[in-house]
Amino acid sequence: MSRSPNKLIPVDFTTVPGLEALDATQIALGGAPADVEAIGIGVFAEENAPPALGFDRDALANAGFEAAAGATLVLPQAGGPDLIAIGLGARAELTGAVLRDAAAGLVRAAARRSRLALQIRDFAAVDVETGIRALAEGALLAGYRYTALSNSSKHVALEALTLDVPDAARAADAIVEARVRARAAIVARDLANTPPGHLTATDMGDIAVVLGERYGFGVELFDKQALIELGCGGLLGVNQGSVEEPRMIKLSYTPTGESSGHLGLVGKGIMYDSGGISLKPSDPMHLLMKMDMGGAAAVLGAFTALRDAGVPATVTGWLMCTDNMPSGTAYKLGDVLTARGGTTIEVKNTDAEGRLVMSDALVLANEEGVDAIVDIATLTGAALVALGPATAPVFGNDQRMVDRVRAAAEEVDEPVWQLPLQQKYRKQLDSDIADISNLGGPFAGATTAALFLEHFVGKTPWAHLDIAGTMQTEKDDAWRTSGATGYGARILVEAARAFSAVD
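Residues numbered from 1 in each chain as written. Predicted model: local features only at pLDDT ≥ 70, side-chain atom pairs only at ≥ 80, totals over all residues. Heavy atoms only, no water.

> Account for the pairing of strand β5 (residues 115-119), naming residues and giving values.
Across the 5 residues that make up β5, a large majority, 4, are buried. Here strand β2 (residues 38-43) pairs with β5 via 4 bridges, running parallel. When the bridges of β5 are listed, isoleucine 39 appears paired with alanine 117. When β5 meets strand β6 (residues 160-164), the two strands line up parallel, connected through 5 bridges. Its bridge partner being in β6, arginine 115 is matched across the sheet by alanine 160. The parallel pair β5 and β6, bridged by helix α4 (residues 128-142), forms a crossover whose chirality is right-handed. (Buried < 20%, exposed > 50% of the residue type's maximum accessible area, 1.4 Å probe, protein only. Helix = DSSP H or I, 4+ residues; strand = E, 2+ residues; numbered from the N terminus. Pairing = 2+ DSSP bridges. Right-handed = clockwise from strand over helix to strand, strands pointing away.)

> Which residues make up the packing of helix α3 (residues 96-109) against α4, and what values go with them?
Contact pair α3 / α4: the axes reach a minimum separation of 7 Å and the direction vectors enclose 40°. The two elements α3 and α4 meet at a crossing, and its hand is right-handed. Together, Gly96, Leu99, Arg100, Ala103, Ala104, Val107 and Arg108 of α3 and Thr130, Gly131, Ala134, Leu135, Glu137, Gly138, Ala139 and Ala142 of α4 make up the contact between the two elements. Here the contact of α3 with α4 is built from residues that sort into 8 nonpolar, 4 polar and 3 charged. (Axes fitted to C-alpha atoms, helices over the stretch in contact; angles between N-to-C directions. Left-handed = near helix turned anticlockwise from the far one by under 90°. Contact = heavy atoms within 4.5 Å. Nonpolar A, V, L, I, M, F, W, Y, C, P; charged D, E, K, R; others polar.)

> Break down the pairing of strand β13 (residues 372-377) for me, citing the residues and quoting the values.
Among the 6 residues that make up β13, 6 are buried, leaving the element largely enclosed by the rest of the structure. Because side chains alternate across β13, one face comprises the buried residues Ala372, Val374 and Ile376, and the other comprises Ile373, Asp375 and Ala377, equally buried. Relative to strand β17 (residues 462-466), β13 runs parallel, the two being bridged by 5 bridges. By the bridge assignment, valine 374 is partnered in β17 with alanine 463.

> Any details on the sheet that holds strand β16 (residues 436-437)? Residues and values, ideally.
Each strand in a sheet pairs with another by means of backbone hydrogen bonds, the pair being arranged parallel or else antiparallel. The 3 strands are arranged β11-β12-β16 in an open sheet whose pairing can be described as mixed. The open sheet has two free edges, formed respectively by β11 (336-338) and β16, since each of these has just one partner strand. Relative to β16, strand β12 (residues 344-346) runs parallel, the two being bridged by 2 bridges. Following the sheet pairing, isoleucine 345 is matched in β16 by isoleucine 436.

> Could you give an account of helix α10 (residues 294-306), naming the residues involved and the relevant values?
Over its 13 residues, α10 runs 19 Å from end to end, which matches the ideal 18 Å to within 8%, given 1.5 Å per residue. Among the 13 residues of α10, 13 are classified as buried, and the element is accordingly described as predominantly covered. (Expected span 1.5 Å × (residues − 1).)

> I'd like a description of the sheet that holds strand β14 (residues 392-396), backed by residues and values.
Spatial ordering of the open sheet is given by β7-β8-β10-β9-β13-β17-β14-β15, a layout of 8 strands whose pairing is mixed. Only two strands of the sheet have a single neighbouring strand rather than two, namely β7 (218-222) and β15 (416-418). Averaged over all neighbouring strand pairs, the angle between strand axes comes to 20°, with direction disregarded. In terms of strand pairing, β14 meets β17 through 3 bridges, oriented antiparallel. Looking at β17, one finds that valine 394 is bridged to leucine 465. Strands β8 (247-253), β9 (262-273), β10 (314-324) and β13 of the sheet are contacted by α10, whose axis makes an angle of about 135° with β9. Helix-sheet contacts for helix α11 (residues 354-368) involve β8, β9, β10 and β13, and the interaxial angle to β10 is about 155°.

> Outline the confidence of the model for the protein chain, supporting the account with residue identities and numerical values.
Predicted confidence across the protein chain gives a mean pLDDT of 93, with 96% of residues reaching 70 or more. The low-confidence segment residues 1-5, where pLDDT is below 50, has 7 contacts with residues more than four positions distant or belonging to other chains. Note that pLDDT drops below 50 for residues 8-14; the model gives that stretch 21 contacts with residues more than four away or on any other chain. (pLDDT = per-residue confidence, 0-100.)

> Before we move on, could you go through the state of the cysteines and cite the residues and values that matter?
Going through the model one piece at a time under the given rule, you end up with 0 disulfides. Unpaired in this structure, cysteine 232 has its nearest cysteine sulfur neighbour in cysteine 321, at a distance of 13 Å. You can call cysteine 232 buried: its relative accessible area is 0%. (Disulfide = S-S within 2.5 Å.)

> Could you give an account of the pattern of salt bridges, with specific residues and numbers?
In total, this model carries 32 salt bridges according to the counting rule given. The salt bridge involving arginine 145 is made with aspartate 476; its shortest N-O contact spans 2.8 Å. Taken together, the residues span a long stretch of sequence, with arginine 145 in the loop between α4 and β6 and aspartate 476 in the loop between β18 (472-473) and β19 (483-484) at a distance of 331 residues. Between arginine 247 and glutamate 245 there is a salt bridge, with the nearest N and O atoms lying 2.8 Å from each other. If you follow the salt bridges from partner to partner, you end up with Arg100, Arg133, Glu137, Glu177, Arg181, Glu411, Glu414, Arg490, Glu494 and Arg497 in one network. (Salt bridge = Lys/Arg side-chain N within 4 Å of Asp/Glu carboxyl O.)

Here it is, written out as structure tokens:
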């Protein structure tokens, strides 16, 4: 295919900086090496400071450091590496999430240093494997920065981190696991951070092919003609206003041993969402609509980890990719689209497009015979209004699937909160001229969107993540780097790793 000379990301995805930087970062276990530039030292809130800091608890408190979880205090040293006090909070409250934040705090506090060490002498009740995995993951994620289009970035890449922790020899594999999970999120971040002029639906397909070859999963691309033959009227309808072709990207992973079940993952991939004829206002949220493919990015990121995470289930993914643009050919309010499977959909708002493209994929997942489905989408502003930017709502028709997602979210510290799939609101989606409409009433927008998706899910066990609020952060927040967060990629990895068709 021809490419604009302005396209940053070539077919060879190995040139994407986030992935390259991750591969270049070395993490080792042991004491601080001679060339270390900064050493972080963990401090519990209720205990004396480790002697290595050279300050007792009172002196640190006088400097404003109370050792709260995530707090840092930089102590420059003449002729030696910086010492950085890292707050661990109360010993009894130490968790993997606190340790993940601690490692991220070190990377943030030593942002001008590339070779770091972190000394934590006691993991309290946290097991060694969990502790080391959390520390490595927090450092790798905090070290991420999207600099691909900047010629003047002052970002200093993290080159090496040494973890000086107890019983480390028993948990070397935990670093490998951390790298695999971080990779999933970083791939998702890079994709979502890339401007829409540099990453189209067809580009997304090309990238998926390269990643599939590298990380052991199959990729099948469906162009516009193939989608017409499949009858994917939801995706085709949204694509009508665009000069860019749509793509449905089907991903497939097969475990080496006996499969524990077949899990379907569906990701919304609106490469840029103008709102279509229902044009969005020109405000900061419109600028963020390059991230409206965050669900598809999370699924693709997760697939890069499935093989190396030893996922025992068969996993198939559908990424529904197009932009949503206004033009003389764009779909209109009042149009009726026919989704895969024959359901007719009255369009009451062209900015409720994500659920339209996903409807086709949900039907295809059922046709594939999956045992369960998890979908992920930057679907509704109502999710942001309801739970803010830190927590994503999860819905589902099967409590076991919802609980799997909740457990995975807790493991990776990406909070979710279950909201009710209130059937009383389903009638808001009724249409006088079609089987269903794509918009409910003015309230409970996240719920009515989920109810729309449920129509196409049928009886298959299903969970739905609405990540519209959690897709990005305006400023660095622990291991969440400003910009796209890659939220959901690690949740999907953990959910797939624990998935079984039989409980």
